[in-house]
Amino acid sequence: MTDRALELFDQGFNCAQSVFAAFAPSFGLDESIALRVATAFGGGMSRCNDVCGVVSGALMVLGISMNSADKDAREQLYAISKEFVERFRSEHGSILCAELLGCDISKEQELKRAREENRFKTICPKYVKAAANIVKELLHAQYVDQRTSRIFIKPTAGKK
């Protein structure tokens, strides 16, 4: 899934699209729909410089991995999502686009600078890869221990 996320990013999809769409087919969601769903989350929520799109995409993956939307499932999702955020923040120092990218792309001049300095191609791929790897590890951990009461489902199709 990590390779697919990087392929999508290399094809020009944003960070949120790349992470979410790489996993979506494994949970029965068409990749083209996943790409549309995640579009507005790139650039820290539509280039607003908030939460990085890889984090948003990863949290969407964790959400579709659930086989229920009841209160207990939601609490479990919050717990595993918090674990994702804590791991990503611990590894990279932040979950905010501006801090990770090193510029405020909500401002036209900073967006231009990011493009001129090729930041999206040199900085963002490592975050796409890291987010996909953490999600993969978290999901895998849910399947290994059958003794827990976790209600996440194992992907049934798509690339591993």
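All values derive from a computational prediction rather than experimental measurement.

J.: I'd love a proper account of the overall build of the protein chain, names of residues and values included.
T.: Within the protein chain one finds ten helices and zero strands. The helix and strand sequence of the protein chain, counted from the amino end, reads α-α-α-α-α-α-α-α-α-α. Considering only contacts within the protein chain whose residues lie at least 6 apart along the sequence, 63% involve residues at least 24 apart. For the protein chain, the exposed surface amounts to about 8300 Å²; the carbon and sulfur share of it is 52%.

J.: Describe the pattern of salt bridges, and please don't skip the residues or the numbers.
T.: A side chain with one charge may pair with a side chain of the opposite charge, provided their charged atoms come close. Per the counting criterion, the structure on display carries nine salt bridges. Measuring nitrogen to oxygen at the nearest pair gives 3.0 Å for the salt bridge that ties Arg4 to Glu7. With Arg4 and Glu7 both in helix 1 (residues 2–10) and three residues apart, the pair spans about one turn of that helix. Take Glu7: its relative accessible area is 32%, and that puts it in the partly exposed class. Note that Arg113 is salt-bridged to Glu117, the shortest N-O span being 3.4 Å. Connected through shared salt-bridge partners, Glu110, Arg113, Glu117 and Arg119 make up one network.

J.: How would you sum up the packing of helix 5 (residues 53–64) against helix 6 (residues 71–92)? Please name residues and give values.
T.: Between two packed helices, the angle of one axis relative to the other and the distance separating the axes together describe the packing. Look at helix 5 against helix 6: their axes get within 10 Å of each other, and the N-to-C directions meet at 150°. With respect to helix 6, the element helix 5 is oriented roughly antiparallel. Crossing handedness for the pair helix 5 and helix 6: right-handed. Residues Val54, Val55, Ala58, Leu59, Leu62 and Gly63 of helix 5 touch helix 6, and the partners they reach there are Leu77, Ile80, Ser81, Phe84, Val85 and Phe88. For the contact of helix 5 with helix 6, a count of residues per class yields ten nonpolar, two polar and no charged.

J.: Please set out the packing of aromatic side chains residue by residue, giving values where relevant.
T.: One pass over the full model with this rule turns up two aromatic pairs. A centroid spacing of 6.0 Å and a plane angle of 20° characterise the contact between Phe84 and Phe88, whose relative ring orientation is stacked. Of the two residues, Phe84 and Phe88 are both situated in helix 6; the distance of four residues between them amounts to about one turn of the helix. Assigned by exposure class, Phe84 and Phe88 land together as buried. Between Phe88 and Tyr127 the ring centres are 6.0 Å apart and the planes differ by 55°, which places this aromatic pair in the tilted class. Note that Phe88 is positioned in helix 6 and Tyr127 in helix 10 (residues 124–144), a separation of 39 residues in sequence. Accessibility expressed as a relative area gives 8% for Tyr127, which makes it buried. Taken together through their ring pairs, the aromatic side chains of Phe84, Phe88 and Tyr127 make up a single cluster.

J.: Break down the nonpolar core for me, citing the residues and quoting the values.
T.: The biggest cluster of nonpolar side chains holds 49 residues, and the ones touching the most others in it are Phe23, Val54, Val55, Phe84, Phe88 and Val135. Elements that contribute at least two residues to this core include exactly helix 1, helix 2 (15–23), helix 3 (31–38), helix 5, helix 6, helix 7 (97–101), helix 8 (108–116) and helix 10. Ranked by the residues each element gives to this core, the list is headed by helix 10, at ten residues. Not counting the four nearest positions on each side in its chain, Phe23 is found in contact with Met1, Val61, Ala132, Val135, Lys136 and Leu139.

What counts, and where the lines are drawn
Residues numbered from 1 in each chain as written. Predicted model: local features only at pLDDT ≥ 70, side-chain atom pairs only at ≥ 80, totals over all residues. Heavy atoms only, no water. Helix = DSSP H or I, 4+ residues; strand = E, 2+ residues; numbered from the N terminus. Contact = heavy atoms within 4.5 Å. Areas by Shrake-Rupley, 256 points an atom, 1.4 Å probe, with all protein chains shown as cover. Salt bridge = Lys/Arg side-chain N within 4 Å of Asp/Glu carboxyl O. Buried < 20%, exposed > 50% of the residue type's maximum accessible area, 1.4 Å probe, protein only. Axes fitted to C-alpha atoms, helices over the stretch in contact; angles between N-to-C directions. Parallel < 35°, antiparallel > 145°, perpendicular 65-115°, else oblique. Left-handed = near helix turned anticlockwise from the far one by under 90°. Nonpolar A, V, L, I, M, F, W, Y, C, P; charged D, E, K, R; others polar. Phe/Tyr/Trp six-rings, centres within 6.5 Å; stacked < 30°, edge-to-face > 60°. Core = buried A, V, L, I, M, F, W, Y, C linked by side-chain atoms within 4.5 Å.

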